Amino acid sequence: MTRNLFEGWTESLGEGAAVLRGFALPEETALLAALGEVAKLAPFRHMTTPGGYRMSVAMTNCGPLGWVTDQTGYRYDAADPETHNPWPPMPPAFLLLATSAAASAGFSNFVPDACLINRYEPGAKLSLHQDKDERDFSQPIVSASLGIPAVFLFGGLKRAEKTMRVSLTHGDVVVWGGPARLRYHGVLPLKEAEHPLLGRKRINLTFRKAA
Ligand code: SIN
Ligand code: FE2
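Residues numbered from 1 in each chain as written. Chains lettered and ligands numbered in written order. Predicted model: local features only at pLDDT ≥ 70, side-chain atom pairs only at ≥ 80, totals over all residues. Heavy atoms only, no water.

### Re the overall build of the chain
Working step 1: When helices and strands are tallied, the chain shows 2 helices and 13 strands.
Working step 2: On C-alpha atoms alone, the chain measures out to a radius of gyration of 16 Å, which is about the 17 Å that the 2.2 N^0.38 rule sets for 211 residues.
Working step 3: A burial count over the chain gives 51% of its 211 residues as buried.
Working step 4: Long-range contacts, defined here as pairs at least 24 residues apart, represent 72% of the contacts in the chain between residues at least 6 apart.
Working step 5: Of the roughly 9,900 Å² that the chain leaves accessible, carbon and sulfur atoms contribute 57%.
Working step 6: Across the chain, the 22 positively charged side chains and the 20 negatively charged ones have centroids separated by 6 Å. (Helix = DSSP H or I, 4+ residues; strand = E, 2+ residues; numbered from the N terminus. Rg over C-alpha atoms; globule rule 2.2 N^0.38 Å. Buried < 20%, exposed > 50% of the residue type's maximum accessible area, 1.4 Å probe, protein only. Contact = heavy atoms within 4.5 Å. Areas by Shrake-Rupley, 256 points an atom, 1.4 Å probe, with all protein chains shown as cover. Lys, Arg positive; Asp, Glu negative; His and termini not counted. Charge placed at Lys NZ, Arg CZ, Asp CG, Glu CD.)

In structure tokens form, the structure reads like this:
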């Protein structure tokens, strides 16, 4: 790995939360190759919310557990409900990115067992929410962005609190944990754009310790 050759810069989003600018860039080739392999085994799909809405973001997972939503609610599942197979294993490049980003942000023992992969096209969005389907809130969330830019909303511990707008571009990694672990967050509708490697798409890898 060549991470030591590349020093990105870190922006604090408050206690326990930071954006590591460009952190994933040195590994973009390995990450995109691994993503392609995962998506072959567990294709992207538009899941349904418990309220019956089709999500505009297409999703898949890798690792021992995958986050799913359907009419019955949100949960982590070891099997892909579409194929009934286990989710594809977490690629080594994904795991290394997650652990090294967490460590850079001050969370040294993070070992994710779930990676939710979100795929946005222009117009897709993610409403303000907390990540709270995990058992262990002592572990952070690590969220890597690839492809076209997005505006990430980062709020407080209550939905009504004011949100910060953070522009995220290809290679940026956001980490939040500790006192920030349950901060509300979301993504504004993506603007039309084209990325040289990913076309009109944004991919977000969200790593979590779910069990
Ligand atoms: C998420 O909250 O699961 C994804 C956030 C993002 O796409 O940046
Ligand atoms: Fe989230």
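Resuming the write-up.
### Looking at the sheet that holds strand β9 (residues 150-154)
Working step 1: As summarised here, the arrangement of the 4 strands in space is β7-β12-β9-β10, forming an open sheet in which the pairing is antiparallel. Looking along the sheet, the strands with just one partner apiece sit at the ends: β7 (126-129) and β10 (164-168). Neighbour to neighbour, the strand axes of the sheet diverge by 20 degrees on average, direction disregarded.
Working step 2: Pairing analysis gives 3 bridges linking β9 to strand β12 (residues 185-187), with the strands arranged antiparallel. Note on β12: the bridge partner recorded for L153 is G186. (Pairing = 2+ DSSP bridges. Axes fitted to C-alpha atoms, helices over the stretch in contact; angles between N-to-C directions.)

### Re the coordination of the iron ion (ligand 2)
Working step 1: For the iron ion (ligand 2), every protein donor is listed as H129 (NE2), D131 (OD) and H185 (NE2), and the spread of their distances is 2.1 to 2.2 Å.
Working step 2: For the iron ion (ligand 2), the 4 donor atoms are set out with angles of 88 to 174 degrees between them, so the coordination reads as irregular.
Working step 3: Every donor residue of the iron ion (ligand 2) comes from the same chain, spaced as H-x1-D-x53-H. Placement of the pair is D131 in the loop between β7 and β8 (141-147) and H185 in strand β12, with a sequence separation of 54 residues. (Donors = N, O, S within 2.8 Å, 3.2 Å for Na, K, Ca; no water. Tetrahedral: all angles 85-135°; square planar, octahedral: opposite > 155°, others 65-115°.)

### Some points on the site of ligand 1
Working step 1: Within the structure, ligand 1 sits among N118, Y120, L126, H129, S143, F152, H185, V187, R202, N204, T206 and R208.
Working step 2: Between N118 and ligand 1, the recorded distance is 3.4 Å, taken from a side-chain N or O atom to an oxygen atom.
Working step 3: Within the side chain of H129, an N or O atom sits 3.1 Å from an oxygen atom of ligand 1.
Working step 4: Its free accessible area being 260 Å², ligand 1 has 98% of it covered by the protein chains.
Working step 5: Among the elements of the structure, β6 (114-120), β7, β12 and β13 (202-208) are those that each provide at least two residues to the shell around ligand 1. (Near = heavy atom within 4 Å. Polar contact = N/O pair within 3.5 Å; in protein donor to acceptor, adjacent residues only side chain to side chain.)

### Quick look at helix α1 (residues 28-41)
The α-helix winds at 3.6 residues per turn, so residues separated by three or four positions along the chain end up facing the same way.
Working step 1: Helix length check: α1 (14 residues) gives 20 Å between terminal C-alpha atoms against 20 Å at 1.5 Å per residue, within 8%.
Working step 2: Among the residues of α1, those classed as buried are L31, L32, A34, L35 and V38. Across the axial projection of α1, the buried residues extend over an arc of 165 degrees, all falling on one side. Among the exposed residues of α1, those oriented more than 90 degrees off its buried face are T29 and K40.
Working step 3: Of the surrounding elements, those touching the buried residues of α1 are β3 (58-62), α2 (92-104), β6, β8 and β13. (Expected span 1.5 Å × (residues − 1). Arc of directions from axis to C-beta.)

### Some remarks on the side chain of D113
Working step 1: Looking at the secondary structure, you find D113 in the loop between α2 and β6.
Working step 2: For D113, a relative accessible area of 11% puts it in the buried group.
Working step 3: Only 3.1 Å separates the side chain of D113 from the backbone nitrogen of A211, close enough to count as a polar contact.
Working step 4: Apart from the residues within four sequence positions on either side, D113 is in contact with G63, P64, L65, M90, R208, K209, A210 and A211.

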